[in-house]
Amino acid sequence: MALSGMRGLSVFISDIRNCQNKELERLRVDKELGHIRTRFKNEKGLTPYEKKKYVWKMLYIYMLGYDVDFGHMEAVSLISAPKYPEKQVGYIVTSSLLNENHDFLRLAINTVRNDIIGRNETFQCLALTLVGNIGGRDFAESLAPDVQKLLLSSSCRPLVRKKAALCLLRLFRKNPDVVNVDGWSDRMAQLLDERDIGVLTSSMSLFVALVSKDYDSYWSCLPKCVKVLERLARNQDIPQEYTYYGIPSPWLQVKTMRALQYFPTVEDPNTRRSLFEVLQRVLMGTDVVKNVNKNNASHAVLFEALALVMHLDAEKEMMSQCVALLGKFIAVREPNIRYLGLENMTRMLMVTDVQEIIKRHQAQIITSLKDPDISIRRRALDLLYGMCDVSNAKDIVEELLQYLATADFAMREELSLKAAILAEKFAPDLSWYVDVILQLIDKAGDFVSDDIWFRVVQFVTNNEDLQPYAALKAREYLDKPAIHETMVKVSAYLLGEYSHLLARRPGCSPKEIFTIIHEKLPTVSTPTIPILLSTYAKILMHSQPPDPELQAQIWAVFTKYESCIDVEIQQRAAEYFALSKKGAALVDILAEMPKFPERKSSLIKKAEDTEADTAEQSAIKLRAQQQMSNALTVTDQPPVNGIPPEPQLGPVKVPSMSNESHSTTDQVLTQSNGSATNLQTSASSPDLLGDLLSPLAIEGPPVASVESEQNSVTGSEGTSTAVDALALAIVGDQTNTVQPIGNVAERFYALCLKDSGVLYEDPYVQIGIKAEWRSHQGRLVLFLGNKNTAPLVSVQALMLAPSHLKLELSEVPQTIPPRAQVQCPLEVVNLRPSRDLAVLEFSYKFGTDLVNVKLRVPAVLNKFLQPIPVSPEEFFTQWRSLSGPPLKLQEVVRGVRPMPLIEMASLLNSYHLMVCPGLDPNTNNMVASTTFFSESTRAMLCLVRIETDPADRTQLRMTVASGDPALTHELKEFIKEQLISIPSASHPPQPITQQAPPSSSPIAQSDPGAMLAALL
């Protein structure tokens, strides 16, 4: 690119470089662009030299970061110039300024094709470079056959054929459905016999892409690949320019070994023997040297050879040699080599009969836990976790517990989980398991999930011989002056159940047990207090006949918490206080917990997932995943997210959380949309969002837990019907052959009340949500997890938004790799009050199954409510200022689910409506307040009054008031939907408007409740 003859271009570049600031540079660029635009308008007067000069200036301006929105036609027209200087400028500027969808490129297709099929090799190289850089669909359809002919032509120079191979690779990656490679097995075999190393390297890159899509058609090429490796291993006929630090073409060696890993096996014995001889030579001839560049090249070949050895399941002798070599690598100073050694040794665990050999390096691996580099420490932890078994479990777990005290906070959660899993899987006896878990809680309480201490409780409950030992250990930990709250939980539970087994030991009388537990009460948070109250009740039960002093102390605690604002604590205190007065009958009422049913541990299930994820079971899967990732980086994906201009879905209302069935119409819609009515709901697995350590632990929470939470909120007994609990949106027929796991609707309802959990799960995919809400805005993260060892393809996520929500979903990749999890943020802005719901339309393809589901997004009205306490003065002032409809609406609601007032208050609190006791002196009424946030209303105070009839709990009078008419109506209907029990008739009863009270009912002027009723 000789620019010395272009004086105008050189002067312009000098002027730009001499500019003192950005503003002067912009003025100079604008002046030049104006000059170029003027000259291009009078194109007839331009000489080829001037056009070339101005196009160069345009490219330079574009490289500086300025927009160049004209002159594209002039650049494209230079491609058809007969002389090389003009043609070179045309190709370079066109490939830089235009993308594959630009209309001007269609004008150049014929010219590019003429250059490709022409006899001028320089022009051929320019044309192939342009096609490879742009790689559009139009180019692939028109030029792929010509590029293939050029690649196979024996009359072309190697330089042209190299470019043709890379150009065809680019077209195949971008448009695999357009480029026809049927019957290419013989042609690839011919290319793999090529003697020119440059052409062979480019052809091997193309071969790797072809076998990653369909290896079955290329079995005839496998011996050719082995011969290429033999040629490279013997350094036979390898030009000096392809030898890198004495290593013959390391890039070609790596590509060839990678291609071989796509074939399941090497069946021919002669070919297999030749391949193993080459691999043996690579393993024996690689060592750590001082030259960094040579190290990088030789180890790239070596680790690819190790992956191929593992894939082919070589003989035990070669496997032992690989492990010994990796053991040497994990002891060197170079951190990169240590990291690769640990990573590949972890993969070696999947190979049979080598675990015992890996155990010989256990001491060195444990030393790596103290490495300054956290990535090396993580790999060492993964390796220790994978190599642990019954024989070395004690040593490894003890090392992990010691390391826990000094480990980085970023690793402690993962470390705790893995130590707990290993202790459970390989415990020599249960007492050792209890010791380990209690030590774990003591040293890393903040990083120990509830699943871990839940599992300890299950073991102790199911093993009577273990109960006295566990209770004694819990008593010992309580003697410490400062212990973690999780330790308080597990100790309180164990002592509440089994402290009577220690009654004869010193310091273990019921009174002493109560005293030491009660000392921890001021230090615990609100969720732990119910556990301590249960412990006190159990202690009182075990001490029948009770010690009067102990009984008085416990009753004082119960009395104190009977007025607690937390409903759970208040209810427990009141009930335990009442039960404790029943004397000896308390023993039968608060008997010991029964044994838990035998079931697979959620921690063990996490362990199985982790094992599969730590070391890929086959290098083919690894390469397939890598290839899929490469394809994602080079493929322009069509937009799959956002809001369509004409959604096919109407507004979706929040369904009522009742246990009664819906109308017949609803049932028909439910059946046509793939209801989860008859699905099995017994599958239990850990919570996806509870395990934030491992992005690959993608199993959902137990359905039973979701169900129990739902029942605890609504106060209903049993499970709600599938028709009532439908979370799949009713938006058309969904005839999927793949059915969801568990009750999809119960998951949706649970997410209406909490901010994290699983929205949907089937045998292939799991969709979890974690949300954070702040005033009128919300940020949700969708966790899309692939549960299988094959990729999910054609993944699309479309958000159908109602008019009152502004949604912005980040781009979702079209492919989710095996056992991987993708996080997709979703921004939500509430514009105005409404009960309509957004719907997520999610589809993917797995094998021959095409799955499309439509799921309601839990961005419900109560997510934009924030409870707020109000004083009587504030309440009455606001209540009087909001006079009559439409700001204040009243309705008599019939068909209400019968429930106690305390349960109704709990229900309102769960939806962020704060019940304000004492405002209404009538004990059968309740008043609640909250603040609603949206862009239109900003922070708007809402007041609710509910009057119940003790004689008939199926009806009530509800009044809702706010400063916005739409908000008042929507909030009233929302609350009604949570309270009402929809009848089975085809039409629900119409709301009855409250009539004025008869004049014969005088209002007692001295009754505050009557005064409040008069204001209504």
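Up top you'll find the structure we're talking about.
Below you will find a few notes about this structure. (Residues numbered from 1 in each chain as written. Predicted model: local features only at pLDDT ≥ 70, side-chain atom pairs only at ≥ 80, totals over all residues. Heavy atoms only, no water.)

It is worth spelling out the overall build of the chain at this point. The number of helices and strands found in the chain is 40 helices and 16 strands. Put simply, the chain has 1016 residues, and 53% of those count as buried. Accessible area for the chain stands at about 45,300 Å²; split by element, carbon and sulfur atoms hold 51% of it. (Helix = DSSP H or I, 4+ residues; strand = E, 2+ residues; numbered from the N terminus. Buried < 20%, exposed > 50% of the residue type's maximum accessible area, 1.4 Å probe, protein only. Areas by Shrake-Rupley, 256 points an atom, 1.4 Å probe, with all protein chains shown as cover.)

A few words on the side chain of D435. Looking at where D435 falls in the secondary structure, it is placed in helix α23 (residues 430-443). You can call D435 buried: its relative accessible area is 18%. Dropping the residues within four chain positions of it, D435 is found in contact with Y469 and K473. (Contact = heavy atoms within 4.5 Å.)

Under the definition given, this model contains 25 aromatic pairs. What links up through ring pairs into an aromatic cluster is the set F207, Y215, Y218, W219 and F263. Just above the ring of F70 sits the side chain of R37; from NZ or CZ to the centre is 4.2 Å. In this structure, R412 packs its charged tip against the face of F409, placed 4.5 Å from the ring centre. (Phe/Tyr/Trp six-rings, centres within 6.5 Å; stacked < 30°, edge-to-face > 60°. Lys NZ or Arg CZ within 6 Å of the ring centre and 35° of its normal.)

Our focus in this paragraph is the pattern of salt bridges. Per the stated rule, a full pass over the model turns up 48 salt bridges. Its salt-bridge partner being E568, residue R572 comes within 2.7 Å of it at the nearest N-O pair. With R572 and E568 both in helix α30 (residues 567-579) and four residues apart, this pair spans about one turn of that helix. With relative accessibility at 26%, the residue R572 sits in the partly exposed group. The class for E568 is partly exposed, based on a relative accessible area of 37%. Linked through salt bridges whose partners overlap, the residues forming this network are R378, R379, D382, E414 and K418. (Salt bridge = Lys/Arg side-chain N within 4 Å of Asp/Glu carboxyl O.)

Turning our eyes to something else, we now look at a negative patch on the surface. Among the surface-exposed residues, D313, E315, E317 and D353 lie close enough to one another that they form a single negatively charged patch. With respect to the secondary-structure elements, E315 resides in the loop between α15 (292-312) and α16 (316-329). (Patch = residues over 30% accessible without salt bridge, like charges linked within 9 Å, V, L, I, M, F, W, Y side chains within 5 Å. Lys, Arg positive; Asp, Glu negative; His and termini not counted. Charge placed at Lys NZ, Arg CZ, Asp CG, Glu CD.)

Let's shift gears to helix α1 (residues 7-17). Taken residue by residue, α1 has L9, F12, I13 and I16 as its buried positions. The arc that holds the buried residues of α1, viewed along the axis, is 100°, so those residues lie on one side. On its buried face, α1 sits against α2 (22-41) and α3 (48-63). (Arc of directions from axis to C-beta.)

The backbone of S794 sits at a positive phi, close to 55°, despite the residue not being glycine. Looking at the element boundaries, S794 is found in strand β6 (residues 793-800). A positive phi is found at H912, a non-glycine position, where the angle reads about 65°. Its location among the elements puts H912 in the loop between α38 (901-910) and β13 (914-915).

Let us now look at the sheet that holds β6. Spatial strand order, β6-β9-β10: three strands in an open sheet with antiparallel pairing. Here the strands that pair on one side only, and so sit at the sheet edges, are β6 and β10 (849-856). The average angle at which neighbouring strand axes cross in this sheet is 10°, direction not considered. Where strand β9 (residues 839-846) meets β10, eight bridges bridge the pair, whose relative direction is antiparallel. The partner of Y844 across the bridge, within β10, is V851. (Pairing = 2+ DSSP bridges. Axes fitted to C-alpha atoms, helices over the stretch in contact; angles between N-to-C directions.)

Turning next to the pairing of β9. Burial runs high along β9: six of the eight residues are buried. Of the pairings in the sheet, the one linking β6 to β9 comprises six bridges and is antiparallel in character. In the strand pairing of β9, L800 is matched with V839. Linkage of β9 to β10, two consecutive antiparallel strands, is achieved through a turn of two residues, within which G847 is found at a positive phi near 65°.

Given a rise of 1.5 Å per residue, 15 residues ought to cover 21 Å, and the 22 Å separating the end C-alpha atoms of helix α39 (residues 965-979) matches this to within 8%. Every buried residue of α39 is listed here: L967, T968, E970, L971, K972, E973, F974, I975, K976, E977, Q978 and L979. Where α39 is buried, its residues meet β11 (865-867), β12 (888-894), α38, β14 (925-934), β15 (938-949) and β16 (952-962). Here α39 starts with a cap whose side-chain oxygen sits 3.2 Å from the backbone nitrogen of A966, and that cap is D964. (Expected span 1.5 Å × (residues − 1). Polar contact = N/O pair within 3.5 Å; in protein donor to acceptor, adjacent residues only side chain to side chain.)

Turning to the nonpolar core, a few remarks are in order. Ranked by internal contacts, the top residues of the largest apolar core, which has 214 residues, are F207, Y218, I517, L533 and Y536. Aside from chain neighbours lying at most four places away, what touches L533 is V557, F558, Y561, I569, R572, A573 and Y576. Counting 68 residues, the second largest nonpolar core, distinct from the first, contains Y760, L805, A859 and M926. (Core = buried A, V, L, I, M, F, W, Y, C linked by side-chain atoms within 4.5 Å.)

Turning next to the environment of A427. Along the chain, A427 turns up in the loop between α22 (409-425) and α23. A residue is classified by how much of its surface remains accessible, and A427, at 27% relative accessible area, is partly exposed. Sequence separation between A427 and D389 is 38 residues; the distance between their C-alpha atoms is 9.6 Å. Once you skip the residues sitting within four places of it in the chain, A427 turns out to touch L422, W432 and Y433.

All right, on to the packing of helix α17 (residues 335-348) against helix α20 (residues 374-387) then. The N-to-C vectors of α17 and α20 enclose an angle of 20°; their axes lie 9 Å apart at closest approach. One finds that α17 runs roughly parallel with respect to α20. Relative to α20, α17 is oriented so that their crossing is left-handed. Across from P335, R338, Y339, L342, E343, M345 and T346 in α17, the residues of α20 making contact are S375, I376, R379, A380 and L383. Tallied by class, the residues present in the contact of α17 with α20 amount to seven nonpolar, two polar and three charged. (Parallel < 35°, antiparallel > 145°, perpendicular 65-115°, else oblique. Left-handed = near helix turned anticlockwise from the far one by under 90°. Nonpolar A, V, L, I, M, F, W, Y, C, P; charged D, E, K, R; others polar.)

The next point concerns the packing of helix α13 (residues 250-260) against α15. Contact geometry of α13 with α15 gives a least axis separation of 9 Å together with a crossing angle of 15°. By the angle between their axes, α13 is roughly parallel relative to α15. In the crossing of α13 with α15, the sense of the turn from one axis to the other is left-handed. Along the contact surface, α13 presents P250, Q253, V254, M257, R258 and L260, while α15 presents A297, A300, V301, E304, A305, L308 and H311. Residue classes in the contact of α13 with α15 are distributed as nine nonpolar, two polar and two charged.

Glancing now at the sheet that holds strand β3 (residues 756-761). Taken in spatial order, the five strands make up an open sheet running β3-β4-β5-β8-β7, and their pairing is antiparallel. Here the strands that pair on one side only, and so sit at the sheet edges, are β3 and β7 (805-809). Strand-to-strand twist of the sheet, defined as the mean angle between neighbouring strand axes without regard to direction, takes the value 25°. The pairing of strand β4 (residues 765-774) with strand β5 (residues 777-786) spans ten bridges and is classified as antiparallel. Across the sheet, I769 pairs through a bridge with L782, a residue of β5.

Of all ten residues making up β14, ten are buried, and the element is well covered by its neighbours. Neither face of β14 is open: one carries N925, V927, S929, T931 and F933, the other M926, A928, T930, F932 and S934, and all of them are buried. Bridge analysis of β11 against β14 gives three bridges, and the strand direction is antiparallel. Bridged to P867 within β14 is T930. Here ten bridges tie β14 to β15, and the two strands are oriented antiparallel to one another. Bridge pairing links T931 to L941 in β15. Where β14 folds back onto β15 in an antiparallel hairpin, the turn is made up of three residues.

Distances and angles like these do not, on their own, reveal function.
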